[in-house]
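If you want the building blocks of each chain, they are given just below.
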Amino acid sequence: MIRVLDAETIGQIAAGEVIERPVSVVKELVENALDADATRIAVRARGGGLVEIEVADDGIGIAPDQVALALRRHATSKLDDAAALTRIDTLGFRGEGLASIAAVARVTLISRTVHADVATAVDAFGEEIGEARPLAGPLGTRVVVRDLFANVPVRREYLRSSGAEFGRIASWLATLALAYPHVGFSLEHDGKTAFTFAPGDDMAARLRHVFGMQSSTMVPVRSHERHAAVSGWVSSPGDDRPDRRNQILFVNGRLLRSTLVSGAWSAAYRTFAMVGRHPYGVLYLQVPPNELDPNVHPTKSDVRLRHGDRVVGAVKDAIVTALRRGAVERLERSIS
Ligand code: ADP
Ligand code: MG
């Protein structure tokens, strides 16, 4: 017998594609904070994020009469119509983040804009969105998520220990922080600080956190072509790792994977006779928004680029140039 599913089941199925584990909650909330132009983002977790996750930002906030609306599925301020899909410059745009979290956890959204004297708070759980109520609170937005997957026991069974789930949160956030140096990030677990990155120029500290002490020998990459700007920090030839996990790629501010770009990255080092092992580092690729297909599934992160061949060329050239310059500089240092 064919039946139309009830709203609660539909919500949980849709949420399952976006919210797989605690780090997915952190990702949705932190991306919202970045889209709101936050300069400081504080993340706190308890019990690996299953007991509680809180993300607080100092961004633009949400107007009092819109706080409840923000929790509705397919409600977004970032997309007006289908045409706008080709020029997206925000991390979110589907209007699914908050609704998906609320489908599998208890959510309280508290927000205040500069135009409001007090903050507005709304609770949501499952398909129920509560009444907006005034609450004392600073400018910006704070989202508290409790009892993740309490209503989806099967989902909980897939999860690892709270330490392992927190590990995913910590490594995702520290990696993301590499692409937003002007934003301060802090992370706390069960009352203990995991890291604090100040807003502004502490890139060296962020690189050291992610790549270790060897990061001091990384080579800066900077090149600008018409179709792709490539920048970042990459490992010196000879300093390599056995796998590609440490090749971090941001395309237009999004943390993505690209088989094409990884290939070009490794190819650049072949000139320097490095075979079988992998360079590491972080690359930032900036392409016109319409070169990127934003409509890839939220969990499938292999990016689709309209002119992949151009991008591959730009990446390889940028890295080769940087490595040659790095080699010359090291030589000069050793002579003088
Ligand atoms: P999306 O990010 O795809 O728009 P979300 O469900 O994540 O969908 O958020 C819905 C809307 O709520 C956003 O479009 C935005 O207007 C508002 N919002 C969510 N989080 C924040 C935040 N931290 N600061 C300001 N506005 C926010
Ligand atoms: Mg969002």
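What counts, and where the lines are drawn
- Residues numbered from 1 in each chain as written.
- Chains lettered and ligands numbered in written order.
- Predicted model: local features only at pLDDT ≥ 70, side-chain atom pairs only at ≥ 80, totals over all residues.
- Pairing = 2+ DSSP bridges.
- Helix = DSSP H or I, 4+ residues; strand = E, 2+ residues; numbered from the N terminus.
- Axes fitted to C-alpha atoms, helices over the stretch in contact; angles between N-to-C directions.
- Contact = placed C-beta atoms within 7 Å.
- Near = placed C-beta within 6 Å.
- Nonpolar A, V, L, I, M, F, W, Y, C, P; charged D, E, K, R; others polar.
- pLDDT = per-residue confidence, 0-100.
- Domains from an automatic or database assignment.
- Parallel < 35°, antiparallel > 145°, perpendicular 65-115°, else oblique.
- Left-handed = near helix turned anticlockwise from the far one by under 90°.
- Buried ≥ 20, exposed ≤ 12 C-beta atoms within 10 Å, placed from the backbone.

Caption draft 1: View of the sheet that holds strand 10 (residues 219-224). Strand order across the open sheet formed by five strands is 10-11-14-12-13, with mixed pairing between neighbours. A strand with exactly one partner marks an edge of an open sheet, and here the two such strands are strand 10 and strand 13 (254-256). Adjacent strand axes in the sheet meet at a mean angle of 20°, parallel and antiparallel pairs treated alike. Where strand 10 and strand 11 (residues 229-234) come together, six bridges link them in antiparallel fashion. Each residue of the ladder has a partner; that of Pro220, found in strand 11, is Trp233. Packing of helix 9 (residues 308-335) onto the sheet brings it into contact with strand 10, strand 11 and strand 14 (281-286), and relative to strand 10 it is tilted by some 135°.

Caption draft 2: Highlighting the site of ligand 1. Around ligand 1, 23 residues are found, and the nearest of them are Ala36, Ala70, Thr76, Gly92 and Gly97. Residue assignment for the shell around ligand 1 shows that the elements contributing at least two residues are helix 2 (22-35) and helix 4 (97-104). Split by residue class, the shell around ligand 1 holds nine nonpolar, nine polar and five charged.

Caption draft 3: Expanded view of the confidence of the model for the chain. For the chain, per-residue confidence averages 89 on the pLDDT scale, and 96% of positions sit at 70 or higher. For this predicted complex, the interface confidence comes out at an ipTM of 0.99, alongside a pTM of 0.92.

Caption draft 4: Representation of the pairing of strand 9 (residues 192-197) in the model. By the bridge criterion, five bridges tie strand 8 (residues 184-189) to strand 9 in an arrangement that is antiparallel. Residue pairing for strand 9: Ser186 is matched across the bridge by Thr196.

Caption draft 5: The domain arrangement of the chain, seen in detail. Once the domains are mapped, the chain shows domain 1 (7-197) and domain 2 (212-335). The gap between the C-alpha centroids of domain 1 and domain 2 is 30 Å. Contacts between the two partners involve twelve residues from domain 1 and, on the opposite side, 13 residues from domain 2. Those elements that provide at least two residues to the side of domain 1 that touches domain 2 are helix 1 (7-18) and helix 6 (162-177). Within the side of domain 1 that touches domain 2, the residues separate by chemical class into seven nonpolar, two polar and three charged.

Caption draft 6: Here's a closer look at the packing of helix 2 against helix 6. Where helix 2 contacts helix 6, the axes come no closer than 8 Å and their chain directions differ by 30°. One way to sum up the angle between helix 2 and helix 6 is to call them roughly parallel. Crossing geometry of helix 2 relative to helix 6 is assigned as right-handed. Here helix 2 contributes Pro22, Val23, Val26, Lys27 and Val30 to the contact with helix 6, which in turn contributes Glu165, Arg168, Ile169, Trp172, Leu173 and Leu176. Tallied by class, the residues present in the contact of helix 2 with helix 6 amount to eight nonpolar, no polar and three charged.

Caption draft 7: A look at the pairing of strand 8. Burial along strand 8 is one-sided: Phe185, Leu187 and His189 are buried, and none of Gly184, Ser186 and Glu188, which face the opposite way, are. Sheet topology note: the strand 1 (residues 40-46)/strand 8 ladder contains six bridges and is parallel. Along strand 8, the bridge assignment pairs Ile41 with Phe185. As consecutive antiparallel partners, strand 8 and strand 9 are separated by two residues, and within that stretch Asp190 has a phi angle of approximately 45°, a positive value.

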